[in-house]
Amino acid sequence: MKAASFTPKRLQLALIALPMALATIYYTMIASDRYVSESIVAVGSASVASGSSPLSVGTGTSLAAYVDTLYLIDYIQSQAVLRELDAKLKLRDHYSAPRADLLFRLWPSASQEWFQRYWKSRVELEFNDLNGLLKIRTQGFDPATAEAINLALLETCERFVNEFSRRIGREQMKFSEAELASASARLQAAKDKVVQFQSTHKVLDPQAQQTAANALTAELQTTIARLEADLKNKQAFMQNDAPAVQAVRDQIAANRAQLESERARTTSTQAGDKIGALSVEFQNLQLQAAFAEDAYRSANTGLEAARIEASKKLKSLIVVGAPAKAETAAYPAKLYNLFTILVLCIIVYTVVRLMVAAIREHQD
């Protein structure tokens, strides 16, 4: 065709009038209205200071809250949520209903993976990292379904947040309880060894017995020294065979015999009769029992700390803005779309006019 055949009127009809007529017919007669139900939520923690409002999560978001919300976003877009809501609300039937236009309808034979991609396009998630709030917008071909989808989504999200935080708390508690049970078993074993030692050697506390034996030995040595001094004093003015002198000698001999007996008992090398060795062994058993008791106390303290920490990590879904039934359709934005198409048509028309004019000038 020659450039002369592309008259302005024909170009206007082909590039502006026809596209606008088709767009108008589509948006007024074919396009299905899509309604939106919106809710605003936040992941709140039980560690919020007393006296503060749960809405204080909106004043800033911590790294933990940021990560928890990212988990929640991924969960909302997951296959698990889609299958649960599809079983409850028949989402596939709703989105593939014949009343929906072809451009935004889900094909009934679509695979589950394609259904998931379609689901992501029907759930708008907007996370504000400044205040930690998550905006959830769900679309439906009627207001009631859009609201029902949002309510069901909030319910399953709340269950997910509760189960997720409780599972973390249970794992921490399980570890601390295992540590406490192990420490308790070690403590009981150490105490049993102490009792078995006392029963085997027929002694309650070898260390105390050795202390008492040492005190008795020192007392006997003092008594012998005093009696020897008394003997020398008496020998100075008495005969050696005097009854008084003989009596002192007998006392000295008796005390020395007692002293040798005590020394032999405390330093005997016979098995089970050496108090020093028994004292060292008993002291080691007591030291092991003391260490086991300290470990048990530490494990018990760790369990209490884990219980407190687990209670702090308990989280819940705070609904800041509840979903409501929409009164007007949010999509498609008919006037905006028609105006955008008109602008694009005018731009295309202008470019084509310039090209046609350039071709005509070249042909001339």
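Residues numbered from 1 in each chain as written. Predicted model: local features only at pLDDT ≥ 70, side-chain atom pairs only at ≥ 80, totals over all residues. Heavy atoms only, no water.

(A) Structural view of the overall build of the chain. Helix and strand content of the chain: 10 helices and four strands. Going residue by residue from the N terminus, the α and β elements of the chain occur as α-β-α-α-α-α-β-β-α-α-α-α-β-α. In the chain, which comprises 364 residues, the proportion classed as buried is 34%. A separation of at least 24 residues holds for 79% of the contacts in the chain among residues at least 6 apart in sequence. Within the structure as shown, the chain displays about 22100 Å² of accessible surface, and the carbon and sulfur contribution to it stands at 58%. (Helix = DSSP H or I, 4+ residues; strand = E, 2+ residues; numbered from the N terminus. Buried < 20%, exposed > 50% of the residue type's maximum accessible area, 1.4 Å probe, protein only. Contact = heavy atoms within 4.5 Å. Areas by Shrake-Rupley, 256 points an atom, 1.4 Å probe, with all protein chains shown as cover.)

(B) Structural detail: the pattern of salt bridges. The full count for this structure, using the stated rule, is seven salt bridges. Close ionic contact of Asp33 with Lys334 constitutes a salt bridge, the shortest N to O distance being 3.7 Å. Pair noted here: Asp33 is in the loop between α1 (8-30) and β1 (35-45) and Lys334 is in helix α10 (residues 334-363), with a separation of 301 residues, a long-range link. By relative accessible area, which is 29% here, Asp33 ends up partly exposed. (Salt bridge = Lys/Arg side-chain N within 4 Å of Asp/Glu carboxyl O.)

(C) Looking closely at unusual backbone geometry. At the junction of Tyr331 and Pro332, the peptide bond is cis and its omega measures out at -10° in the coordinates. With respect to the helices and strands, Pro332 occurs in the loop between β4 (315-321) and α10. One non-glycine residue with positive phi stands out, namely Lys90, at about 55°. Following the sequence through the fold, Lys90 ends up in the loop between α3 (79-89) and α4 (91-95).

(D) Inspection of the packing of aromatic side chains at higher detail. Taken as a whole, this structure holds five aromatic pairs when the rule is applied. Considering the side-chain rings of Tyr66 and Phe127, the 5.5 Å spacing of their centres and the 50° angle between planes classify their relative orientation as tilted. Note that Tyr66 is positioned in helix α2 (residues 63-76) and Phe127 in strand β2 (residues 123-128), a separation of 61 residues in sequence. Residue Tyr66 is classed as partly exposed on the basis of its relative accessible area of 33%. Centre to centre, the rings of Tyr75 and Phe160 are 4.1 Å apart; their planes meet at 10°, and the pair counts as stacked. (Phe/Tyr/Trp six-rings, centres within 6.5 Å; stacked < 30°, edge-to-face > 60°.)

(E) Quick look at α1. With 23 residues, α1 ought to run about 33 Å at 1.5 Å a step, and its terminal C-alpha atoms sit 30 Å apart, in line with that. Where α1 bends most, the angle comes to about 35°, and this point is Ala17, followed within four residues by the proline Pro19. Regarding α1, the residues found buried are Leu11, Ile16, Met20, Ala23, Tyr26 and Tyr27. (Expected span 1.5 Å × (residues − 1). Bend = angle between axes of the 7 residues up to and from the residue.)

(F) A look at the confidence of the model for the chain. Here the chain averages 81 in pLDDT, while 85% of its residues score no lower than 70. Between residues 48-60, whose pLDDT stays under 50, and residues either more than four places distant or in other chains, the model counts 11 contacts. Segment residues 269-273: pLDDT under 50, and four contacts once partners within four positions in sequence are set aside and those in other chains are kept. (pLDDT = per-residue confidence, 0-100.)

(G) Spotlight on a nonpolar patch on the surface. Residues Phe339, Val343, Leu344, Ile347, Val351 and Met355 make up a contiguous nonpolar surface patch of about 570 Å² in total accessible area. Within the element layout of this structure, Ile347 appears in helix α10. Judged by its relative accessible area of 47%, Ile347 is partly exposed. (Patch = residues over 30% accessible without salt bridge, like charges linked within 9 Å, V, L, I, M, F, W, Y side chains within 5 Å.)

(H) Quick peek at the nonpolar core. Core analysis: the largest hydrophobic core is formed by 28 residues, its most contacted members being Leu72, Ile76, Leu91, Tyr95, Trp119, Ile136 and Leu153. At the level of elements, β1, α2, α3, α4, α5 (112-122), β3 (133-140) and α6 (143-201) are the ones that each hand at least two residues to this core. Ranked by residues supplied to this core, first place goes to α6 with seven residues. If near-sequence neighbours (up to four positions away) are discounted, Leu91 is found in contact with Leu82, Leu85, Asp86, Phe115, Trp119 and Ile149. Residues Ile16, Ala31, Leu338 and Tyr349 belong to the second largest nonpolar core, which totals 11 residues. (Core = buried A, V, L, I, M, F, W, Y, C linked by side-chain atoms within 4.5 Å.)

(I) Here's a closer look at the pairing of β3. Among the eight residues in β3, six count as buried, and that is most of the element. By the bridge criterion, seven bridges tie β1 to β3 in an arrangement that is antiparallel. Among the inter-strand pairings, Val41 is bridged to a residue of β3, identified as Leu134. Between β2 and the antiparallel strand that follows it, β3, lie four residues; Gly132 among them carries a positive phi value of about 75°. (Pairing = 2+ DSSP bridges.)

(J) Geometry of the environment of Val320. Along the chain, Val320 turns up in strand β4. Through-space distance from the C-alpha of Val320 to that of Ala42 is 7.2 Å; in sequence the pair is 278 residues apart.

(K) Just the environment of Asn233, in detail. Summarising the element assignment, Asn233 is placed in helix α7 (residues 206-235). Exposure remark for Asn233: the relative accessible area of 45% places this residue in the partly exposed category.

(L) Region of the structure containing the pairing of β1. Among the 11 residues in β1, eight count as buried, and that is most of the element. One ladder, built from six bridges, connects β1 with β4; its direction is antiparallel. In the sheet register, Ile40 faces β4, and the bridge partner there is Gly321.

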